[in-house]
Structure formats: C-alpha cells, structure tokens
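Commentary on secondary and tertiary structure
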Amino acid sequence: MSDPRLLIGIDGGGSKTLALLADARGAILGRGYSGCANYQSVGFPAAAQALSDAIAGAFAAAGAPMQPVAALCMGIAGSDRPEDQTLYLGWARTAWPGAPVSVVNDAQLALAAGTPEGVGVALIAGTGSIVYGQAADGRLARAGGWGHVMGDEGSGYAVGQAALQAVMRAYDGRGRPTALADAVLRHWDLAAPPDLVGQVYRTGMGPAEVAALAALVHAAAEQGDAVARDILAEAGRELAL
C-alpha cells in the first residue's frame, strides 16, 4: 500500500546524484546514486534520467515499490535561475503528480545542512564551485557557480585542467618537471603527453572527467610535488576570494 508520508530529497551535482527516501520524521529509508544531474553539462534528457535512476535506487534500497510521496526537494547544481528551475519543476510534476516540489541550488542544501538557523556560508568545490550565504535578516548572496567556461575557479575541474596544462608545459620545456605527467598518463593508459590531445579533444570528454584528475593532484601534492602543491594553493586562494 502506498504511503504519501514519504519524502524524497535529491542532491544533484556535476559528477553524481544522490537521492534519499525518508519518512515524515526524517529517518532515511534508502539511498540511490546515479550520474550527473546538471543539465548544463549533460543535457536535460540525461539529467532527468539521472534523477529517475537515483530515486529508483533509493526505493530499491528501502525495499519499497515506487509510490506517491508527500514532497520532493531537489538541490541541483546550476539550477537557481528561473529558466533552469522550470525544466526540473516540469519533470517533477509529471513524474510525481500532486506532490509539492521545490528546486534549489545544491549549495543551499549544504547551507541548510550545516547551519541549523540557516545563517552562514556554504562553499562547494566539487566538479564546479560556488559559495552561497544567508544573513540573519534573510538576505542571500552567492559568488561563482558560472560553469567551467566562465568560472568554477578552485573546483575539481579547474584543478584537473591546471594539471593537464602543467603536464604540457613540462613537456614543452616551458614549465617545471612534475610527477603529474606520469600520473595523468597512467590514469588513461597513454604513452606520452602528445597522446593527451586525442584523449581530451576527440573523446567528447566532459567536465566530470577532467575534474577526476584532481585526485591525482592531491596525491602528488601529498608526495611533495611542487607543481601539484602550487595548483592546490591557487585553488585555495580562488575559493577564499
């Protein structure tokens, strides 16, 4: 029998999507995971499919059939403009007719989770980056979140891109040698830096795949690589700014 007291909460980022199925008291019943739900990166059909897959996974993890819910809240990266929200609202109202739906930027989820009074600042540095804050009088402010072409400084994408540039600078002799060269080549099983041209430009590589290189930068920095440390230091300065 369906239970309309169930709630769905979604955190849709540039790399992955998490859906939580909860009861009316907020107890988590099941979690579901899928890929990117930011339509700016993958297009809306793929983003909508990621949402559907994550929700289905949450119901499956809870051992429950898909059924009506009391409310649905989606925090989606890059979705705080009215035209963006309209797309997600339309999808949700078709998929979950009659359920109240809220669509917010994913940074607002972090702010709500970390500040019980709703006053403070949340910083997200995942595939992309954004800072979101709320004052005691209710005023909201944001910086960043403009995507990998116009912004996302300090993000995983920015760090990954800097790693690729450092590898090619070292290969040209224009930059310092760095352990990132071997690390990046091993990551994609390539023989030499020029092979990165085909990997990056001819495979339709998306922001999430570039952002995945950030883990290699962290590892190299921990092992003392000066170039990797400088990349992370610059990312930190951008996030602070």
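Up top you'll find the structure we're talking about.
Residues numbered from 1 in each chain as written. Predicted model: local features only at pLDDT ≥ 70, side-chain atom pairs only at ≥ 80, totals over all residues. Heavy atoms only, no water.

1. Points about the packing of helix α7 (residues 180-187) against helix α10 (residues 214-222)
Just so we agree on the cut-off: Think of each axis as a best-fit line through the C-alpha atoms, taken over the contacting stretch in the case of a helix, with angles from 0 to 180 degrees between the N-to-C directions. Strands are runs of DSSP state E lasting at least two residues, helices are runs of H or I lasting at least four, and both sets are numbered from the N terminus onward. Crossings are classed by handedness, with left-handed meaning an anticlockwise turn of the near helix from the far one by less than a right angle and right-handed meaning a clockwise turn. The contact criterion used throughout is that any non-hydrogen atoms of two residues lie within 4.5 Å. Under the grouping applied here, Gly and all other residues not named as nonpolar or charged are polar, the nonpolar ones being Ala, Val, Leu, Ile, Met, Phe, Trp, Tyr, Cys and Pro and the charged ones Asp, Glu, Lys and Arg.
Running from N to C, α7 and α10 cross one another at 145°; their axes reach a closest spacing of 10 Å. The hand of the α7/α10 crossing is right-handed. When α7 is examined against α10, the residues L180, A183, V184 and H187 are found in contact with a partner set consisting of L216, V217 and A220. A class-by-class count of the residues in the contact of α7 with α10 yields six nonpolar, one polar and no charged.

2. Regarding the environment of A77
Relative to the assigned elements, A77 resides in the loop between β4 (71-76) and α3 (82-95). A sequence separation of 50 residues divides A77 from T127, and the C-alpha atoms of the two residues are 9.8 Å apart. For A77, the residues in contact, after removing those within four places along its chain, are G12, G13, G14, N38 and D106.

3. Overview of the packing of helix α6 (residues 156-172) against helix α11 (residues 226-240)
Geometrically, a packed helix pair is captured by the angle between its two axes and the distance between the axes. Two numbers describe how α6 lies on α11: the axes approach to 10 Å, and their chain directions differ by 145°. Classified by chirality, the crossing of α11 by α6 is right-handed. Contacts from V159, A162, A163 and A166 of α6 reach α11 at V227, I231, L232 and A235. Counted by class, the contact of α6 with α11 contains eight nonpolar, no polar and no charged residues.

Function-wise, these values are silent; they only describe arrangement.
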